[in-house]
Amino acid sequence: MTVDQLVAKAREGLDRPGPERARAAVARGARLVDIRPAAQRAREGEIPGALIIERNVLEWRLDPTGSHRIPEAVDHEVEWIVVCSEGYASSLAAASLRELGLRRATDLDGGFVAWAAAGLPTRSVDQGLQ
C-alpha cells in the first residue's frame, strides 16, 4: 500500500468539512484540534480557540476512558475536527480516533492552509489575531 492509498482508506466514511462548515460546527460545539508541531504553528499561525495537541499524544488526550485525557474528552460523542497543515496527516489521525470509538471524529478538508485562505480568523504565535 502507498501513503496515498493509506490516506484514501483513512478518509473512507469521514465527512470532512471545509473551513466554513468547520467554523459552523465549532459554533454548535465541535472542537478543533491542531496537531501540527510547534515549529509549524510558529511559521504558519494558529486558529484561535483550537486545542493544541501534537500528533504523538493525540489518542491519549482524546480517549475518554484514558488516564491522560484532557477535560474536554468527556465521552465518545464529542465532535472532534482534527487540523494539520493541508489535511493529510489529520485524515490519518481522525481515522485513528474513530478506531478508538470516537465516531464523530473527522478532519478539516485542506487543513490550516484552507482555513487561512478562506479568510477565517488566524493568529500568529507572536502577534495575535490576523
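Reading guide: rules and limits
- Residues numbered from 1 in each chain as written.
- Predicted model: local features only at pLDDT ≥ 70, side-chain atom pairs only at ≥ 80, totals over all residues.
- Heavy atoms only, no water.
- Axes fitted to C-alpha atoms, helices over the stretch in contact; angles between N-to-C directions.
- Helix = DSSP H or I, 4+ residues; strand = E, 2+ residues; numbered from the N terminus.
- Parallel < 35°, antiparallel > 145°, perpendicular 65-115°, else oblique.
- Left-handed = near helix turned anticlockwise from the far one by under 90°.
- Contact = heavy atoms within 4.5 Å.
- Pairing = 2+ DSSP bridges.

Enquirer: Before we go on, may I ask you to explain the packing of helix α1 (residues 3-11) against helix α5 (residues 89-99) in this structure?
Expert: A pair of packed helices is captured by two measures, namely the crossing angle of their axes and the spacing between those axes. Where α1 meets α5, the closest approach of the two axes is 8 Å, and the angle between their N-to-C directions is 50°. Relative to α5, the element α1 lies oblique. Both α1 and α5 take part in a crossing whose hand is left-handed. Every residue of α5 that contacts α1 at Leu 6, Val 7, Ala 10 and Arg 11 is listed here: Ser 91, Leu 92 and Ala 95.

Enquirer: Any chance you could explain the sheet that holds strand β3 (residues 80-83) here in plain terms?
Expert: Consider a sheet: its strands pair through backbone hydrogen bonds, and that pairing is either parallel or antiparallel. Strand order across the open sheet formed by four strands is β2-β1-β3-β4, with parallel pairing between neighbours. The open sheet is flanked by β2 (51-52) and β4 (106-107), the only strands paired with a single partner. The sheet contact formed by strand β1 (residues 31-34) and β3 spans four bridges and is parallel. Bridged to Arg 31 within β3 is Trp 80.

By themselves these figures say nothing about function.
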